[in-house]
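Okay, here's what each chain looks like letter by letter:
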Amino acid sequence: MHFNIITLFPEFFDGPLNCGLLQRARELGLISFSFLNPRDQTDDARRTVDDRPYGGGPGMVMMPKPLSLTLQSLGFAPHSEEGPGPLILLTAAGRPLTQQKAGRLALDSENPCLTLICGRYEGIDARIEELFPAETVSIGDFVLNGGEAAALCLIETVARLRPGFMGHAESGVEESFSSGLLEYPQYTRPEIFEGLAVPKTLLCGDHKRISVWRRQASLCATLEKRPELLPAALRESVDSEFILSLPETKLGRNLNCALVHYPVLDREENSSASSLTNLDIHDIARSSCSYGLGAFYVLSPLADQRELLRDILRYWTKGRGARSNPDRAKALALVREGKDIAEARADLEKVSGHKALLVATSARNSGASLPGINFAEIAEELRKRPVLLLFGTGHGLAPEALELCDASAPPLRPVNGYNHLSVRAAAAIMFDRILNDWR
Ligand code: ADE
């Protein structure tokens, strides 16, 4: 595999490409490099490669001509797909470098040739990308001085996937991301270091047990650090069962919600009581159950409304509804009846043995008098104590309800002109933002 590296600083690559496995791969002829400096394509005495940006602003921009000539010297032709192989522009504005992309670049053809453009200064003249269509690659959401360090990352991750690069063919497969999961922790001698012992399973000699332990350790690491990778990586139902048995995935149990029917605002912004809505009760119960919430309180001081709630719950958790739809029965079993917020709070404290944090939700910033708490902070609270999320029906929680709360969550679509989510949609979105475990 050959890499053409277009850079104003070829010396940047001296050390990294001349040690360890990369050096060995060069010696074995598995990989090779050419360095091309756009300065060599200039014709002025100062060998100028950059100039000030049109439109003003700080910094300098790489001029198109030296870069264009460099690319043409490699066989790329302007306005065409012609060239010795894929052309990659390293830039913070590119698409993320992933293991999958590295695999594709490494194994695209038998003897691939990658050309990497390392941008410098404020970037390169945008016409280069128009003339020579390139794949843009970023190594992360941060800004480097130039593309050289990013090119090194790409070279290393691509090269090590080439056949023959690694001593042990397996090490490539077992690692982070190859399985879609983060790597399990590794240990070596001594067995006890500074009082810390190597996990017993790794010493038992039973390869089956060790492989289960490693898979589970990978699942735990991924759940903790990169939960968004999990859904695509889960292999068998044992994976899901294991994940569901972990305390982290049980955090949802500390989350509770309440649908408040009094005191809520009416159309004229007066405090009033609203009526129960069958659809909200069903749908919020279903979302609560899907996200593993502890309880869903339906609160109304009106005796006839609570009577109605009992009828609904009886039918769906014990009556014909439960027999014909057991899944619905399971969801509605989470519903607790209550007169008001104080009653829900007291019940929650009785059940959990802890003082609950009451968080108001609002489509507007009506909880502005309360301390704000964002979704990540609510998730942190769940590790310590139960949280009760309060959803107002009608036109939202009235000031008397807000007074009972400890904090207020941010509105979901604050900058949108239209912000009229149904309370059941808002509840589901908030559960997801807070628990955020299967992004
Ligand atoms: N050039 C500057 N920052 C970069 C980044 N994060 N990734 C790739 N190239 C870059």
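Rules used in this analysis
Residues numbered from 1 in each chain as written. Predicted model: local features only at pLDDT ≥ 70, side-chain atom pairs only at ≥ 80, totals over all residues. Heavy atoms only, no water. Pairing = 2+ DSSP bridges. Helix = DSSP H or I, 4+ residues; strand = E, 2+ residues; numbered from the N terminus. Axes fitted to C-alpha atoms, helices over the stretch in contact; angles between N-to-C directions. Contact = heavy atoms within 4.5 Å. Domains from an automatic or database assignment. Phe/Tyr/Trp six-rings, centres within 6.5 Å; stacked < 30°, edge-to-face > 60°. Buried < 20%, exposed > 50% of the residue type's maximum accessible area, 1.4 Å probe, protein only. Lys NZ or Arg CZ within 6 Å of the ring centre and 35° of its normal. Near = heavy atom within 4 Å. Polar contact = N/O pair within 3.5 Å; in protein donor to acceptor, adjacent residues only side chain to side chain. Areas by Shrake-Rupley, 256 points an atom, 1.4 Å probe, with all protein chains shown as cover. Salt bridge = Lys/Arg side-chain N within 4 Å of Asp/Glu carboxyl O.

1. What about the sheet that holds strand E7 (residues 135–138)?
Pairing in this open sheet of 5 strands is parallel, and the strands run E2-E1-E6-E5-E7 from one edge to the other. Each edge of the open sheet is held by one strand with a lone partner, namely strand E2 (32–36) and E7. Taken over all neighbouring pairs, the strand axes of this sheet differ in orientation by 35 degrees on average, direction set aside. Where strand E5 (residues 87–96) and strand E6 (residues 113–118) come together, 4 bridges link them in parallel fashion. Paired with Leu87 across the strands is Thr115, a residue of E6. Running at roughly 160 degrees to E6, helix H5 (residues 148–159) makes contact with strand E1 (2–6), E2, E5, E6 and E7 of the sheet.

2. A closer look at the domain arrangement of the protein
Per the domain assignment, the segments of the protein are domain 1 (2–171), domain 2 (192–245) and domain 3 (251–435). A straight line from the C-alpha centre of domain 1 to that of domain 3 covers 53 Å.

3. Structural notes on the packing of aromatic side chains
Applying the stated rule across the entire model yields 7 aromatic pairs. With a centroid separation of 6.4 Å and 20 degrees between ring planes, the pair formed by Phe33 and Phe35 is classed as stacked. For Phe33, a relative accessible area of 12% translates into the label buried. With 5.2 Å between their ring centres and 85 degrees between their planes, Tyr315 and Trp316 make a pair best called edge-to-face. Residue classification places Tyr315 among the partly exposed positions, given a relative accessible area of 40%. Here the aromatic cluster, defined as three or more aromatic residues joined through ring pairs, consists of Phe3, Phe12, Phe13, Phe33 and Phe35. Lying over the aromatic face of Trp316, Arg328 brings its terminal NZ or CZ to 5.7 Å of the ring centre.

4. Regarding the site of the ligand
The ligand sits among Leu90, Thr91, Ala92, Val137, Ser138, Ile139, Gly140, Phe142, Val143, Leu144, Gly146 and Ala150. Between Thr91 and the ligand, the recorded distance is 3.2 Å, taken from a backbone N or O atom to a nitrogen atom. Here Phe142 contributes a backbone N or O atom positioned 2.8 Å from a nitrogen atom of the ligand. Compared with its free state, where it exposes 260 Å², the ligand has 94% of that area covered by protein.

5. Quick look at the environment of Pro58
Checked against the element boundaries, Pro58 lands in the loop between strand E3 (50–51) and strand E4 (61–62). Sequence spacing of Pro58 and Tyr121 is 63 residues, and the spatial spacing of their C-alpha atoms is 9.9 Å. Look past the residues within four positions of Pro58 in its chain and what remains in contact with it is Pro53 and Glu122.

6. Regarding the pattern of salt bridges
Counted under the stated rule, the structure contains 20 salt bridges. Put simply, Asp40 and Arg47 hold a salt bridge, and the shortest N to O gap is 3.2 Å. With a shortest N-O distance of 3.5 Å, Glu135 and Lys101 are connected by a salt bridge. Of the two residues, Glu135 sits in strand E7 while Lys101 sits in helix H3 (residues 99–107), which places them 34 residues apart along the sequence. Three or more residues are tied together by salt bridges with common partners; here these are Asp280, Asp283, Arg286 and Arg424.

7. Brief notes about helix H2 (residues 64–73)
If you check which residues of H2 are buried, you get Pro66, Leu67, Ser68, Thr70 and Leu71. Buried positions along H2 lie against E1, E2, E4, E5, E6 and helix H4 (127–131). Looking one or two residues past H2, Gly75 carries a phi angle of roughly 105 degrees, positive in sign.

8. Let's talk about the side chain of Ser274
Summarising the element assignment, Ser274 is placed in the loop between strand E12 (271–272) and helix H10 (278–290). Owing to a relative accessible area of 15%, Ser274 belongs among the buried residues under this scheme. At 2.6 Å, the side chain of Ser274 and the side chain of Thr393 are in polar contact.

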